Each structure stands twice: as structure tokens, then as C-alpha cells.
Amino acid sequence: MHQGEPTGSSRRRFRVPSRGPSSVVLLLALFALSSFPAAQESSADLEHQVKAAFLYNFARFVEWPPDTPSGEASFVIGILGSDATSLALEETVQGKSVGGRTIRVRPVKTQEEATQCHMLFVGSETPDRLARLLKAVRGSAVLTVGDSDTFAREGGIVNFVMQDHHVRFAVNTDAAERAGLKISSKLLQLAIIVHDEQGREETK
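Residues numbered from 1 in each chain as written. Predicted model: local features only at pLDDT ≥ 70, side-chain atom pairs only at ≥ 80, totals over all residues. Heavy atoms only, no water.

### A short note on the packing of aromatic side chains
- Enumeration over the complete set of coordinates arrives at seven aromatic pairs.
- Between Phe54 and Phe160 the ring centres are 5.8 Å apart and the planes differ by 80°, which places this aromatic pair in the edge-to-face class. Of the two residues, Phe54 is situated in helix H2 (residues 43–60) and Phe160 in strand S7 (residues 158–163); the sequence distance between them amounts to 106 residues.
- The buried category is assigned to Phe54, whose relative accessible area is 1%. (Phe/Tyr/Trp six-rings, centres within 6.5 Å; stacked < 30°, edge-to-face > 60°. Helix = DSSP H or I, 4+ residues; strand = E, 2+ residues; numbered from the N terminus. Buried < 20%, exposed > 50% of the residue type's maximum accessible area, 1.4 Å probe, protein only.)

### A short note on the confidence of the model for the protein
- Scored by pLDDT, the protein comes out at a mean of 78, with 75% of its residues at no less than 70.
- By mean pLDDT, the top-scoring element of the protein is strand S9 (residues 182–183) (96), and the lowest-scoring one is helix H1 (residues 21–33) (53).
- Predicted confidence for residues 1–21 stays below pLDDT 50, and this span has 58 contacts to residues more than four positions away or in other chains. (pLDDT = per-residue confidence, 0-100. Contact = heavy atoms within 4.5 Å.)

### Side note on the side chain of His118
- Relative to the elements of secondary structure, His118 occurs in the loop between helix H4 (111–114) and strand S5 (119–122).
- A residue is classified by how much of its surface remains accessible, and His118, at 0% relative accessible area, is buried.
- There is a polar contact of 3.2 Å between the side chain of His118 and the side chain of Arg101. (Polar contact = N/O pair within 3.5 Å; in protein donor to acceptor, adjacent residues only side chain to side chain.)

Here you go:
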């Protein structure tokens with residue numbers, strides 16, 4: 001859903017009606033605010049709030065293939081393994097929509113449920129379970145977002161990265177392409193780009 005970025009593709013895709021400079025400013029402001037001292041007692045809550053805001057903005061700056069997942073009228077963000085992030089996200093997206101679709105946040109417990117989401121946030125998971133999950137959604141139009149530093153390198157699409165008390169994110173553009181997702185160049189400009197091959201990355 002790249003607002004203001006015509007794709008030229010003949011495929012019909014749902015998109016946010018408008019995304020002007022104000023959206024970019026909002027995103028940049030979000031990044032500016034995404035710093036928090038680790039010593040503060042409220043830092044954990046703030047971290048979840050910042051990640052929730054990121055997840056919402058990811059939804060606004062990514063274009064999904066049409067009618068995915070099949071039969072789902074809402075925009076679904078699944079949460080696996082992080083109740084705190086789920087609560088923060090529910091507050092963040094309350095009353096909001098993406099591409100004309102009401103956003104729904106719901107817990108995910110199975111691989112089948114994971115494939116029925118537009119976006120899937122994965123909290124801390126064991127390596128074996130994470131590998132099975134990523135294998136299950138591989139090739140599906142699911143924007144996977146993870147908390148572990150190696151999430152994107154292991155086949156996920158986006159993972160949060162903590163750098164000097166700032167929340168940043170890495171994007172595996174190869175995994176996004178496999179999923180049929182188009183990520184806005186504006187979002188990629190702010191990301192650490194990760195590729196499948198040789199674990200190489202490009203830091204902006």
C-alpha cells in the first residue's frame with residue numbers, strides 16, 4: 001500500500017487512500033521518539049508502545065496482494081507470544097483502519113492461524129518453534145515481524161533491533177519478495193537491509 005507510489009502493475013491491490021508528506025513526517029517523528037533509557041522503570045511499557053506504533057506504521061507502508069488472506073474482510077495483525085505488545089497494539093490501532101479495512105488484533109497459537117494474518121508479530125520463541133513457524137508461512141502474503149536479532153536472517157521479513165536505546169528495524173527484502181509484499185521505499189530508507197545470501201546487510 002504505497003500511498004502516492006503508483007506501481008504500474010495490472011494486479012489490483014488494496015491501499016490506503018492517501019499518504020502524503022504528513023505520513024512521512026509522522027513516521028520520522030515516531031523514530032525520533034523511539035528512544036528510551038533502559039534504567040527507567042517505565043521503559044518496558046514504553047518499548048511495547050513504540051513497537052506497537054511501528055507495527056501500525058508497517059501496515060501503512062506495505063502493499064499486500066489483493067484479497068489476502070482469502071475471505072478476510074478485516075486487516076488482521078496476529079500476535080504470537082507477547083501479551084504486553086498485544087495490549088499496546090490494541091490501544092494503538094483502536095478505531096484505525098488500513099486500506100479501508102478495520103484493523104483486528106488477535107492472538108495466534110497455531111501455524112494455520114498464522115497464515116490467516118496480514119501481519120504476524122512473533123515474540124520470544126524457541127529456535128525450533130520459530131523455524132517451523134517461518135516454514136509454515138513461507139511464500140504466504142504474511143508480513144512477519146520478530147523480536148529476535150536474527151529473525152530476518154532466519155527467514156522472517158522484519159525484526160526489531162535495539163541500538164543505543166533506540167528501536168530500529170531490519171528488513172529482509174528477499175523474504176518480502178517471496179511473500180509478494182511491496183515495502184515502501186520510504187520505509188526501506190529507514191531500515192537495515194538484510195538479504196538471504198551470505199547474511200550480508202546494508203546499514204542506512
